[in-house]
Amino acid sequence: MRAVLPDGALTASVPWQGLLPQPVRPPSDFSPTSDFSPIAGRYDATRDVPPGLLDAAYDRMIAAGLLPAAGTILDAGCGTGQMSLPLAARGYAIEGFDISGPMVALAQAKCRPGWPARYRQADVRALPLPDGAVDAVVVSKLFQHVSGWQDACRELLRVLKPGGALIHLADRGAFGNPVRRYFAAMAEGMGFVDRFPGMQRRADLVAFARSTGAAVAALDLTDLRWAKDVRYGDAWDQIRDRLFAEFWYLPDSAYAQILADTADWIEALPDGRDTVARMTPWLDADIFRR
Ligand SMILES: C[S@@+](CC[C@H](N)C(=O)[O-])C[C@H]1O[C@@H](n2cnc3c(N)ncnc32)[C@H](O)[C@@H]1O
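One structure accompanies this document, and this report is about it. Please read all numbers here as calculations on a predicted model, not as lab measurements.

## A look at the overall build of the protein
Per the secondary structure count, the protein includes nine helices and 10 strands. Excluding contacts between residues fewer than 6 apart, the proportion of contacts in the protein whose partners are at least 24 apart in sequence is 81%. When the accessible surface of the protein is totalled, it reaches about 12400 Å², and 54% of it is carbon and sulfur.

Structure (C-alpha cells):
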C-alpha cells in the first residue's frame, strides 16, 4: 500500500541545521543565464501544464480584453513551446525565442503544418525584433534563470506594442514536491538561500514592472488546478540527474551531501521511495500593460 500525502502535508525538517556552518553566500560565479540544453530531452516529461487549462486561461484573458483575439505573440524563453503552442493552434502568429537550440528545435517539431509559429534561438535580453513588433508577450518560468532579468523585462516591453499585455504565467506548486522542498530546505540550511541567477521573488517582478510605468492587471486563475502524483523515488532521481536549474549553482560537494541526506530521509519513510505525494498545482498570471 502506498501512502498518498496531500500537497503541503509534509514540510521538510532539517534536524541538523543548527549544526551546520554559518550561512554563506552562493558562489559569485553565476553563469549569466541558465541554458536548458542539457535537459531539453527530459523537459516535457518532467514539467507539464495540461494544455486544456492553458486554453481556459487564454479564453479568460481574451474575454477580459487582456489578450487580442488575433495577432502576433512573443513567447519569451519559450522552451519546448508549452505556453504558446495552444495559441499557435488557435491561429496566432508565434515568435518564440530561447537561448537553447535544442529547446527551440523541440518546440518547432511540435508545430502542426500550417501553424504560423516560428521558434528561434536568441537571448531574451537582445531580441531580433523591432520596437512594438508584437501584440502580446507570454513569458513563463524565465526571469529566475536570467541574471539581469530586468534588462530582459525591458526588452520584452520594448518589442510590445503600446497598450499590449505582458503575461507572466506560472504553474504554482507544480514543482514544490516534498522531495524537492526537502532538498531546497537543506540547501537553505547551508546558506544557499537565493539559488537562482535571476529574479528571486515574484514580487520583485511586479515592483519592477510598476517602476517602468506598466499597469498591473489582475486575473484570477487559481481555480485552474490539476492533480499530479509524485513518487518520491522518481523525484529524487530527477534531482540526482540535475534536472532543476534551481540547484545547478550549488557546489558539487554540497549537492552530493544534500542528495545523500535526502536519500536517507526518503529511505526512513514507511514507504520509502514508493511514497507518493498528491500535488495540486494551479495556474497563475501577473499581467502588465505597457
Ligand atoms: C523553466 S524553462 C521555461 C520554458 C517555457 N517558458 C515553459 O514555461 O515551459 C526556462 C527556459 O528559459 C531559457 N532561457 C534561460 N535563459 C535565457 C535567456 N537569456 N534567453 C532566452 N532563453 C533563456 C532556458 O533555456 C529554458 O528553456
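## Here we look at the pattern of salt bridges
With the rule as written, the count across this model stands at 29 salt bridges. Asp237 is the partner of Arg273 in a salt bridge, and the nearest nitrogen-oxygen pair spans 3.1 Å. Residue Arg273 is located in the loop between α9 (252-268) and β9 (276-279), and its partner Asp237 is located in helix α8 (residues 232-240); the two are separated by 36 residues in the primary sequence. For Asp237, a relative accessible area of 17% puts it in the buried group. Bridged by salt links that share partners, the residues Arg42, Asp237, Arg240, Asp241 and Arg273 form one connected network.

## Remarks on the pairing of strand β4 (residues 117-121)
Note: strand β3 (residues 93-98) against β4, five bridges, orientation parallel. Of the residues in β4, the one forming a bridge with Phe97 is Arg120. The parallel pair β3 and β4 is bridged by helix α4 (residues 101-109), and the resulting crossover is right-handed.

## Some words on the packing of helix α6 (residues 178-189) against α9
It is the contact of α6 with α9, at a shortest axis distance of 10 Å, that shows an interaxial angle of 135°. On the basis of the axis angle, α6 is oblique to α9. Where α6 crosses over α9, the two elements pack in a sense that is right-handed. From α6, Pro178, Val179, Tyr182, Phe183, Met186 and Ala187 reach across to α9, where they touch Tyr255, Ile258, Leu259, Asp261, Thr262, Trp265 and Ile266.

## Re the site of the ligand
Lining the immediate surroundings of the ligand are 22 residues, of which Thr33, Tyr43, Gly77, Asp98 and Ser140 lie closest. In the model, an oxygen atom of the ligand is placed 2.8 Å from a nitrogen or oxygen of the Tyr43 side chain. Starting from 600 Å² of accessible surface for the ligand in isolation, the protein chains cover 99%. The residue makeup of the shell around the ligand, split by class, is 10 nonpolar, seven polar and five charged.

## Quick word on the environment of Ile99
Within the secondary structure, Ile99 is located in the loop between β3 and α4. Relative accessible area serves as the criterion here: at 26%, Ile99 is assigned to the partly exposed category. With near-sequence residues (within four places) excluded, Ile99 lies in contact with Thr33, Asp35, Gln121, Ala122 and Asp123.

## Describing the packing of aromatic side chains
Given two aromatic rings, one states the distance between the centres and the angle between the planes to describe the pair. Scanning the model with the defined rule gives eight aromatic pairs in all. Aromatic pair Phe36 and Tyr43: ring centres 6.1 Å apart, planes at 65°, arrangement edge-to-face. With respect to burial, Phe36 and Tyr43 carry one shared label: buried. Ring pairs connect the aromatic residues Phe36, Tyr43 and Trp248, which therefore count as one cluster. Just above the ring of Phe244 sits the side chain of Arg180; from NZ or CZ to the centre is 4.3 Å.

## Re the side chain of Asp284
Within the secondary structure, Asp284 sits in strand β10 (residues 282-289). Residue classification places Asp284 among the buried residues on the basis of a relative accessible area of 8%. One polar contact links Asp284 to Arg172, side chain to side chain, over a distance of 3.0 Å. If near-sequence neighbours (up to four positions away) are discounted, Asp284 is found in contact with His168, Leu169, Ala170, Arg172, Arg202 and Leu221.

## Here we look at the side chain of Thr80
Along the polypeptide, Thr80 turns up in the loop between β2 (72-76) and α3 (85-89). Residue classification places Thr80 among the buried residues on the basis of a relative accessible area of 1%. Among residues more than four places away in sequence, those in contact with Thr80 are Tyr43, Asp44, Leu85, Met103, Leu106, Ala107 and Lys110.

## Looking at the packing of α6 against α8
Axis separation between α6 and α8 bottoms out at 8 Å; the angle between their running directions is 45°. In terms of their interaxial angle, α6 and α8 are classed as oblique. Residues Pro178, Val179, Arg180 and Phe183 of α6 lie in contact with α8, whose contacting residues are Tyr232, Ala235, Trp236 and Ile239. Counted by class, the contact of α6 with α8 contains seven nonpolar, no polar and one charged residues.

Thresholds applied
Residues numbered from 1 in each chain as written. Predicted model: local features only at pLDDT ≥ 70, side-chain atom pairs only at ≥ 80, totals over all residues. Heavy atoms only, no water. Helix = DSSP H or I, 4+ residues; strand = E, 2+ residues; numbered from the N terminus. Contact = heavy atoms within 4.5 Å. Areas by Shrake-Rupley, 256 points an atom, 1.4 Å probe, with all protein chains shown as cover. Salt bridge = Lys/Arg side-chain N within 4 Å of Asp/Glu carboxyl O. Buried < 20%, exposed > 50% of the residue type's maximum accessible area, 1.4 Å probe, protein only. Pairing = 2+ DSSP bridges. Right-handed = clockwise from strand over helix to strand, strands pointing away. Axes fitted to C-alpha atoms, helices over the stretch in contact; angles between N-to-C directions. Parallel < 35°, antiparallel > 145°, perpendicular 65-115°, else oblique. Left-handed = near helix turned anticlockwise from the far one by under 90°. Near = heavy atom within 4 Å. Polar contact = N/O pair within 3.5 Å; in protein donor to acceptor, adjacent residues only side chain to side chain. Nonpolar A, V, L, I, M, F, W, Y, C, P; charged D, E, K, R; others polar. Phe/Tyr/Trp six-rings, centres within 6.5 Å; stacked < 30°, edge-to-face > 60°. Lys NZ or Arg CZ within 6 Å of the ring centre and 35° of its normal.

These results come straight from atomic positions and should not be treated as a statement about function.
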